[in-house]
Amino acid sequence: MVAATLALIHALLLVGIAAWTIAARRTFAAVVGFVAYGLLLSIAWVVLSAIDVALTEAAIGSGLTGVLLIGAAARLRATETAISVERPGPSLRWLAALTSAAVAGAIAIAVLSLPDPAPTLAPAVAQYMSVTGLGNAVTVVLLAYRALDTLLESIVVVFALIGVWSLAPDRVWGGRPGPLHEADPNGILAYLARLLPPIGIIVGLYIFWIGADLPGGKFQGATILAAMWLLVMMAGLTDAPPISRTWLRILLVAGPLVFIAIGFAGALTAGAVLAYPDEYAKLLIKVIEAALMPTLVLTLALLVAGAPERTARR
Amino acid sequence: MSFFLDSFTVAAVSAGAFFFLAGSVGLLRFPDALSRLHALTKADNLGLGLVMLGLLPRADGLLAALKLVFVWLLVLLASAMVSQMVARVARRGGSPS
């Protein structure tokens, strides 16, 4: 009874804050609503015992995307009043509302019309999980059964970064991303940027390492490490590297390349692309994750840092 | 014994929830950014501290209990730092509304 009431309150809060985010007039207010919505959503995933999804939602869905949206809102602030004058006409807005409602309705119908119990592959995953030597079923699915999805995901984030970089004007191409952050070297931000990273780095690496057997993994761990790097950059203690640096570009493609190489080696050693020989499965999966880790940290942090705005010299 | 521990948990978590409620009321009712920040950080620090204290007897093992304390300390650090920075912007006359 108590649990049901709590779940109902939680669901109402989620729907309420989603509606508020859509209705908010100011971009910044809408972004704040979106972040709060993501955090509430990750609690919902915890209630559903999907801890991996909850961690990803909190780290990437709410945290990283929230930071990207706050950056976008700050850039749009100067033009916001001018833009809000030219609001789309009522017919266009009704059309957009109807299309969104139709999509949401179709998804709701699809979910509600699932047979009870819903079709699931979970027993099959649990039965053959021991072959890989991993203890976390989510990692097994992500890196063994659906490795292709994860490979494409890791390539997509690099493409997204290239897309951001391509917004740079020609004269600063190859330069340093974002504005130069200058903060008081004895100020509170610099203090936090010295105090927090040692803790954050350990937590990030722990979440990455524990992902083999318990909820966690490379995306969540990489987000924490990227956040630590961004904190140090924003406090002005270090600068973003120029995007023309060779080490940077090598690390950016190293993760997907190692993944592809091991994937194709599987065709020879295990009989299928992206398959692993049984006795080496855990080792190879860990190698792939370890290679993806620097790629993800750099990509996520540099996505937030933005397009190059300055030449390589400070 | 367990009755006393349970009563302790109920009392501490309820007190924590009260501070959160009071902080939220302050956030909505106080007139300017600095006093709103004051209400908010009081609620976070004391409220979360009391909730954490109440949950300590229910943690399975010393390590889990230490993790709870650690989470509270991290939130303390974050809220102290962030409120400092927001206050600085507010004093310079920016509007963090």
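### Remarks on the overall build of chain A
So, point 1. On a plain count of helices and strands, chain A comes out with 11 helices and two strands.
So, point 2. In chain A, the succession of α and β elements from N to C terminus is α-α-α-α-α-α-α-β-α-α-α-α-β.
So, point 3. C-alpha atoms of chain A, sized along the principal axes, occupy 60 × 55 × 40 Å.
So, point 4. Of all 314 residues assigned to chain A, the portion counted as buried reaches 28%.
So, point 5. Contacts spanning at least 24 positions in sequence make up 74% of the contacts within chain A whose residues lie at least 6 apart.

### Examining the overall build of chain B
So, point 1. Helices and strands together make up the secondary structure of chain B, namely three helices and zero strands.
So, point 2. Seen in sequence order, chain B has helices and strands lined up from the N terminus as α-α-α.
So, point 3. Here the C-alpha radius of gyration of chain B, 16 Å, is well above what a compact globule of 97 residues would show, namely 13 Å.
So, point 4. Its C-alpha atoms put chain B at 55 × 25 × 10 Å along the principal axes.
So, point 5. Counting the 97 residues in chain B, one finds 11% classified as buried.
So, point 6. Looking at chain B alone, contacts between residues at least 24 apart form 60% of all its contacts between residues at least 6 apart.

### Points about the packing of helix H8 (residues 188-210) of chain A against helix H9 (residues 218-234) of chain A
Residue and element names in this part refer to chain A.
So, point 1. Here H8 crosses H9 at 165°, and the two axes come no closer than 8 Å. Taken together, the axis directions place H8 and H9 in an arrangement best described as roughly antiparallel. Between H8 and H9 lies a crossing of left-handed hand. Within the contact between the two elements, H8 uses Leu 189, Leu 192, Ala 193, Leu 196, Pro 197, Gly 200, Ile 201, Val 203, Gly 204, Leu 205, Ile 207 and Phe 208 and H9 uses Lys 218, Gln 220, Gly 221, Ile 224, Leu 225, Ala 227, Met 228, Leu 231, Val 232 and Met 234.

### Quick look at helix H10 (residues 246-269) of chain A
Residue and element names in this part refer to chain A.
So, point 1. Here H10 contains 24 residues, and its C-alpha end-to-end distance of 33 Å stays within 8% of the 34 Å for a straight helix at 1.5 Å per residue.
So, point 2. Its axis deflected by about 40° at Ala 254, H10 carries its strongest bend there, up to four residues before the proline Pro 256.
So, point 3. Residues of H10 that are buried include every one of Leu 252, Gly 255, Pro 256, Phe 259, Ile 262 and Gly 263, and no others.
So, point 4. At its buried positions, H10 is contacted by helix H7 (147-165) and helix H11 (281-305).
So, point 5. Positioned one or two residues after H10, Gly 271 has a phi angle of 90°, which is positive.

### Remarks on the packing of helix H1 (residues 2-29) of chain B against helix H2 (residues 33-55) of chain B
Residues and elements named next belong to chain B.
So, point 1. Relative to each other, H1 and H2 sit at 170°, their axes nearing to 8 Å. One way to sum up the angle between H1 and H2 is to call them roughly antiparallel. Classified by chirality, the crossing of H2 by H1 is left-handed.
So, point 2. Across the contact of H1 with H2, the residue classes tally to 17 nonpolar, seven polar and three charged.

### A few points about the nonpolar core
All names here are of chain A.
So, point 1. Counting residues in each nonpolar core, the largest one holds 50 residues, and the members touching the most others are Ala 226, Val 297 and Ala 301.
So, point 2. Contributing elements (two or more residues each) for this core: helix H3 (51-85), helix H6 (137-145), H7, H8, H9, H10 and H11.
So, point 3. The leading source of residues in this core is H11, at 15 residues.
So, point 4. In terms of domain composition, this core takes at least three residues from each of domain 1 (1-87) and domain 2 (124-314).
So, point 5. Beyond its immediate stretch of four places on either side in the chain, Ala 226 contacts Val 297, Leu 300 and Ala 301.

### A word on the domain arrangement of chain A
Residue and element names in this part refer to chain A.
So, point 1. Under the domain assignment, chain A is made up of domain 1 (1-87) and domain 2 (124-314).
So, point 2. Computed from C-alpha coordinates alone, the two centres of domain 1 and domain 2 are separated by 24 Å.
So, point 3. The interface is formed by 11 residues belonging to domain 1 together with 12 residues belonging to domain 2.
So, point 4. Residue classes in the side of domain 1 that touches domain 2 are distributed as seven nonpolar, three polar and one charged.

How each quantity is defined
Residues numbered from 1 in each chain as written. Chains lettered and ligands numbered in written order. Predicted model: local features only at pLDDT ≥ 70, side-chain atom pairs only at ≥ 80, totals over all residues. Helix = DSSP H or I, 4+ residues; strand = E, 2+ residues; numbered from the N terminus. Buried ≥ 20, exposed ≤ 12 C-beta atoms within 10 Å, placed from the backbone. Contact = placed C-beta atoms within 7 Å. Rg over C-alpha atoms; globule rule 2.2 N^0.38 Å. Axes fitted to C-alpha atoms, helices over the stretch in contact; angles between N-to-C directions. Parallel < 35°, antiparallel > 145°, perpendicular 65-115°, else oblique. Left-handed = near helix turned anticlockwise from the far one by under 90°. Expected span 1.5 Å × (residues − 1). Bend = angle between axes of the 7 residues up to and from the residue. Nonpolar A, V, L, I, M, F, W, Y, C, P; charged D, E, K, R; others polar. Core = buried A, V, L, I, M, F, W, Y, C linked by C-beta atoms within 7 Å. Domains from an automatic or database assignment.

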